[in-house]
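Single-letter residue listing:
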Amino acid sequence: MKLLMLLAVFWQVLNTSAYTHSGNPTASGVWPAVGMAAADHLPFGTHVFLPDGTVVEITDRFGGGYTDKLDLFRDTEDECWKFGRRILRCKIVTPD
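Quick notes on the rules
Residues numbered from 1 in each chain as written. Predicted model: local features only at pLDDT ≥ 70, side-chain atom pairs only at ≥ 80, totals over all residues. Heavy atoms only, no water. Pairing = 2+ DSSP bridges. Helix = DSSP H or I, 4+ residues; strand = E, 2+ residues; numbered from the N terminus. Axes fitted to C-alpha atoms, helices over the stretch in contact; angles between N-to-C directions. Core = buried A, V, L, I, M, F, W, Y, C linked by side-chain atoms within 4.5 Å. Buried < 20%, exposed > 50% of the residue type's maximum accessible area, 1.4 Å probe, protein only. Contact = heavy atoms within 4.5 Å. Polar contact = N/O pair within 3.5 Å; in protein donor to acceptor, adjacent residues only side chain to side chain. Phe/Tyr/Trp six-rings, centres within 6.5 Å; stacked < 30°, edge-to-face > 60°. Lys NZ or Arg CZ within 6 Å of the ring centre and 35° of its normal.

### Thoughts on the sheet that holds strand E4 (residues 55-60)
- Read around the closed barrel, the six strands follow the order E1-E5-E2-E4-E3-E6; overall the barrel is mixed. Neighbour-to-neighbour, the strand axes of this sheet turn through a mean angle of 45 degrees, independent of strand direction.
- Where strand E3 (residues 47-49) meets E4, three bridges bridge the pair, whose relative direction is antiparallel. Directly across from Phe49, in E4, lies its bridge partner Val55.

See below:
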């Protein structure tokens, strides 16, 4: 039996920021770690390819219903401040 896999692959310009530990699990129930990100408009498990070659997985939500924001998890508050806010053109690959 053959399985058909459907993936959505597209590019999107995202208003990107960073966040760090809050003492709580992510909206998907896992503890946050580097390589994870938050977005309201993308399904959990979506992979986002950043322009620098980094790939992050959507595991969290903002909770505001945004359609153009991405929040990257960083280990420290200092790393978040260093990242700042950036407008990035990202490749989006949704899960099958």
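### Some remarks on the nonpolar core
- Within the largest apolar cluster, 16 residues are counted, with the highest numbers of intra-cluster contacts made by Val48, Leu50, Ile58, Leu70, Leu72 and Cys90.
- Every element with two or more residues in this core is listed here: strand E1 (9-19), E4, strand E5 (69-73), helix H1 (77-83) and strand E6 (86-93).
- Here this core takes three residues from E6, the largest share from any one element.
- In this structure, Cys90 is in contact with Phe10, Trp11, Gln12, Leu14, Val48, Phe49, Leu50 and Pro51, ignoring residues within four places of it in sequence.

### Some details on the side chain of Thr26
- The topology assignment puts Thr26 in the loop between E1 and strand E2 (36-38).
- Within the structure, the side chain of Thr26 is placed 3.0 Å from the side chain of Ser28, a separation counted as a polar contact.
- One polar contact links the side chain of Thr26 to the main-chain carbonyl oxygen of Thr59, over a distance of 3.0 Å.
- Not counting residues within four places of it along the chain, the set of residues in contact with Thr26 comprises Trp31, Pro32, Thr59 and Asp60.

### Thoughts on the packing of aromatic side chains
- Scanning the model with the defined rule gives two aromatic pairs in all.
- The interplanar angle of 75 degrees and the centroid separation of 5.6 Å between the aromatic rings of Phe62 and Tyr66 together place this pair among those described as edge-to-face.
- Accessibility expressed as a relative area gives 30% for Phe62, which makes it partly exposed.
- Tyr66 gets classed as partly exposed once you look at its relative accessible area, which sits at 35%.
- A cation over an aromatic ring shows up here: Arg86 above the ring of Phe83, its NZ or CZ 4.0 Å from the ring centre.
- The cationic tip of Lys91 hangs over the ring face of Phe49; the distance from NZ or CZ to the ring centre is 5.5 Å.

### Details of the environment of His21
- You can see His21 is positioned in the loop between E1 and E2.
- With relative accessibility at 47%, the residue His21 sits in the partly exposed group.
- Between the C-alpha atoms of His21 and Arg74, which are 53 residues apart in sequence, the distance is 7.9 Å.
- Once you skip the residues sitting within four places of it in the chain, His21 turns out to touch Pro32, Phe73, Arg74 and Asp75.
- In terms of polar contacts, His21 uses its side chain to reach the side chain of Asp75, at 3.2 Å.

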